[in-house]
Amino acid sequence: MEEIIILSGKGGTGKTSIAASLAMIAGKEVVVADCDVDAANMHLLLEPDFHYSEDFYSGILAEIDQLKCDQCGICHDVCRFDAIPFIDGKYVIDTLYCEGCGYCGRVCPQDAISLNERLAGKVHHSQIRSGTQMVHAKLGVGAENSGKLVAKVKDDARKIAKGLGKDIILVDGSPGIGCPVVSSLSGASLALMITEPSMSALHDMKRLYKMLSHFQIPALCVINKSDLSKDIVNEIHIWLKENNIKCISEIPFDESFVHAMIQKKTLIEYQEKYHTAFTVMWNELLDFLKNNKKNIYL
Amino acid sequence: MSVLNHKKIAIASGKGGTGKTMLSVNLAGFLSKQKRVLLTDLDVEEPNCLLLLKEASVSEVVDAFKMIPSWDIDKCTFCGLCAKNCMFNAIVRLGPQIVVFKELCHSCYACTELCPENALPMQEVKIGQLTHVEDVNLIAVEGQLKIGEEQAVPMIEQALEYSTKFFDDSDIQILDCPPGNSCPLVAAVKDADFVILVTEPTPFGLNDLSIAVETVRIIGKKVGVVINKDGLGDSGVSDYCKENNVPILGKIKYDQRIASLYAQGELIYNKIGHVNQALIDIVSALEKEVV
């Protein structure tokens, strides 16, 4: 099974608009996974039916039984995360800061602390407008373990793809290069980096690419808003060439990205020219998968 | 301007690319005309503030660390308690060896402090670096996570801690936060007096803003919104703010010149009049809301 993951390093480069358009072009060829669980937006464009939802539990949350607690404060002393403050005469767990290490529970002399599974979000399975299946999720407020939720989304997507006999999973990743991104890369065959000609986007793409190289994942590039700065577009091309990365499309800045979004449509449904452009892009991705099947990180 | 004295103002956004760093750097530059400003870049996965402060000179670059256990083979009796105590599977007993997976370690100290033989002393491991730069009236600190390092939170905490030594000499601190709504954001705004959420007037912007407002309110922080690229999208964000009593501190008009200047890494408020005016509005709204 092949997994194409769409990433950007910097946020706001058009990653999700592009991913959703590719999903519409690919149609029933793929199963879609929205791994930007922290700020998921793909569902706003793809009309998911939410036919199946499941609570996602991950990690541990400490809980103090106030009836057993004798306020000795040992838990407070051992907690490295300042998650057990003393408020109104009793020790309480601050659920935002508890990392679930369980240290408090192991040292409590009264056995007053239980370590429970923590509700960390929700996973949804949907049919989307293109007729295919999408797995998406919502992380709980301020929750940890977004990496694990990403892994769950991908895992579900793989199972669905296998069940339906689909060979490709199309993944919308999150910005940055931290734990949700690392998690979304496991099993990836190819990364599509969406950048824009700004100093910060180029800087972020370089950091992203270093990480992709670290995991030996091959990459292609799309330059969005390509008329923003000629100089930086040139700089991007020089850097791409040095690293042997193919730029498969340049898209000039277009307010249609916003107008399409407001109508809850993907670009290809909003304007004919994008239908052509994204068909070309999708074929480039398929070609790459066919001809460059190497460096696949498992 | 006195109500903002010695305040910590966090600038965040659920969605990436809404103009968080643009606002942070321009607000810091704008304020530094009258105040000593401390700017801390907490977007440690992809920090960009320093790219925009070209005039500033680097004073210091130091390594950032987190603490992980190391294994003392001579003291270890292979009781396996450490592996049992670690909730993150960061310590595993593999045959005649105890292996520590540093990426998984949360530095909770349970393994080391509960080891009956003291066979797991904690040691520093590098996770990134801190850069301190100075301009005339502006001090900036950037935390940058090492590539391949997964945990942003310890890096954010160290950037905050490192910044505190400059705080006493500053009149105000601006915190450029990471995008998203999960643990890195919670860590970044922990000590902030006020959180500004930068959004754009689009459905994606609105969706991410509403999650960010919910998160910041649960943390118990005061919050206000700056609408960037105003005029580009629809009225969804303004309607949401009205319905949910979220003050709109100011709006920055959609203007292609902003994107072009920002792309080149230029400051904007001193080149485009309406941006300067927007900052004046934001600061005066902030003064009312912070109290």
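Residues numbered from 1 in each chain as written. Chains lettered and ligands numbered in written order. Predicted model: local features only at pLDDT ≥ 70, side-chain atom pairs only at ≥ 80, totals over all residues. Heavy atoms only, no water.

**Some details on the overall build of chain B**
Threshold: We count a stretch as a helix when DSSP gives it H or I for four or more residues in a row; a strand needs E for two or more, and each element gets its number in order from the N terminus. When checking whether two residues touch, look at their non-hydrogen atoms; a contact exists if any pair is within 4.5 Å. Residue exposure ignores everything except the shown protein chains as possible cover, and the areas themselves are Shrake-Rupley values with a 1.4 Å probe. When charges are counted, Lys and Arg are positive and Asp and Glu negative, with His and the chain ends excluded. Note that the charge is assigned to NZ on lysines, CZ on arginines, CG on aspartates and CD on glutamates.
Secondary structure assignment for chain B yields ten helices and eleven strands. Considering only C-alpha atoms, chain B reaches an extent of 70 × 40 × 35 Å along its principal axes. The long-range share in chain B, meaning contacts at least 24 apart out of those at least 6 apart in sequence, stands at 74%. When the accessible surface of chain B is totalled, it reaches about 11,200 Å², and 49% of it is carbon and sulfur. One finds the centroid of the 27 positive side-chain charges in chain B at a distance of 3 Å from the centroid of its 38 negative side-chain charges.

**Here's the deal with the packing of aromatic side chains**
Here a ring pair, both rings aromatic, is described through the centre-centre distance and the interplanar angle of the planes. Going by this rule: When two rings of Phe, Tyr or Trp (its six-membered ring) have centres within 6.5 Å they constitute a pair, described as stacked for plane angles under 30 degrees, edge-to-face for angles over 60, and tilted for the intermediate range. Think of it in three bands: residues with accessible area under 20% of the maximum for their type are buried, residues over 50% are exposed, and the middle band is partly exposed, with areas taken using a 1.4 Å probe on protein chains only.
For the structure shown, the criterion picks out eight aromatic pairs over all chains. Note on Phe86(A) and Tyr91(A): the rings are 4.5 Å apart at their centroids and 45° apart in plane angle, and the pair reads as tilted. The class of Phe86(A) is partly exposed, set by a relative accessible area of 46%. Measuring from centroid to centroid gives 6.0 Å for Phe30(B) and Tyr269(B), while their planes differ by 85°, and the two rings are edge-to-face.

**A short note on helix H1 (residues 15-26) of chain A**
In an α-helix there are 3.6 residues to a turn, and that puts residues three or four apart on one side. Residue and element names in this part refer to chain A. The criterion, for reference: One less than the number of residues in a helix, times 1.5 Å, gives the span that helix is expected to have.
With twelve residues, H1 extends 16 Å between its outermost C-alpha atoms, agreeing within 8% with the 16 Å of an ideal straight helix rising 1.5 Å per residue. Every buried residue belonging to H1 is among Lys15, Thr16, Ser17, Ile18, Ala19, Ala20, Ser21, Leu22, Ala23, Met24, Ile25 and Ala26, and all of these are buried. Trailing H1 by a residue or two, glycine 27 shows a phi angle of about 55°, which is positive.

**Notes on the interface of chain A and chain B**
We count it as follows: A quick way to say it: buried area is the sum, across both parts, of accessible area lost when two parts are put together, with a 1.4 Å probe. Put simply, a salt bridge is a Lys or Arg side-chain nitrogen that is within 4 Å of an Asp or Glu carboxyl oxygen. The residue classification treats Ala, Val, Leu, Ile, Met, Phe, Trp, Tyr, Cys and Pro as nonpolar and Asp, Glu, Lys and Arg as charged. All others, Gly included, are polar.
At the interface, 60 residues of chain A touch 55 residues of chain B. Both sides of the chain A and chain B interface together cover about 5,100 Å² of buried area, and 61% of this is carbon and sulfur. Three residues stand out in chain A for area buried against chain B, namely Tyr103(A), Val141(A) and Arg207(A), and they jointly supply 12% of the buried area on that side. There are three salt bridges connecting chain A and chain B. For Arg80(A), the salt bridge goes to Glu113(B), with nearest N and O atoms at 2.8 Å. Counting only elements with at least two residues in the side of chain A that touches chain B, the list comes to H1, helix H2 (43-46), helix H4 (103-107), strand S7 (133-139), helix H6 (179-185), helix H7 (199-214) and helix H9 (256-262) of chain A. In terms of residue count, H7(A) provides more of the side of chain A that touches chain B than any other element does, eight residues in total. Its residues placed into classes, the side of chain A that touches chain B shows 30 nonpolar, 18 polar and twelve charged.

**Quick notes on the packing of H1(A) against helix H11 (residues 272-291) of chain A**
Residue and element names in this part refer to chain A. Stated formally: To obtain an axis, a line is fitted to C-alpha atoms, over the contacting stretch when the element is a helix, and the angle between two such axes runs from 0 to 180 degrees between their N-to-C directions. Each angle is binned into one of four classes, with values under 35 degrees roughly parallel, values over 145 roughly antiparallel, values of 65 to 115 roughly perpendicular, and all other values oblique.
Where H1 contacts H11, the two axes come as close as 9 Å, and the packing angle between them is 80°. Relative to H11, the element H1 is oriented roughly perpendicular. Mapping the contact onto sequence places Ile18, Ser21, Leu22, Ile25 and Ala26 in H1 and His275, Phe278, Thr279, Met281, Trp282 and Leu285 in H11. Classifying every residue of the contact of H1 with H11 by side-chain character gives eight nonpolar, three polar and no charged.

**Structural notes on the pattern of salt bridges**
In a structure, side chains of opposite charge can pair up when their charged atoms sit close to one another. Residue and element names in this part refer to chain A. Inspection of the entire model under this criterion finds 25 salt bridges over all chains. The shortest N-O distance in the salt bridge between arginine 129 and glutamate 269 comes to 2.6 Å. Of this pair, arginine 129 sits in the loop between strand S6 (113-127) and S7 while glutamate 269 sits in helix H10 (residues 267-270), and the two are 140 residues apart along the sequence. A relative accessible area of 29% means that arginine 129 is categorised as partly exposed. It is possible to trace a salt-bridge network through shared partners that takes in Glu3, Lys154 and Arg158.

**Some points on the confidence of the model for chain B**
As a reminder of what qualifies: Confidence of the predictor at the level of single residues is given by pLDDT, which spans 0 to 100.
Model confidence for chain B is summarised by a mean pLDDT of 95, while 100% of its residues fall at 70 or above. Both confidence scores are given for the complex: pTM 0.92, ipTM 0.90.

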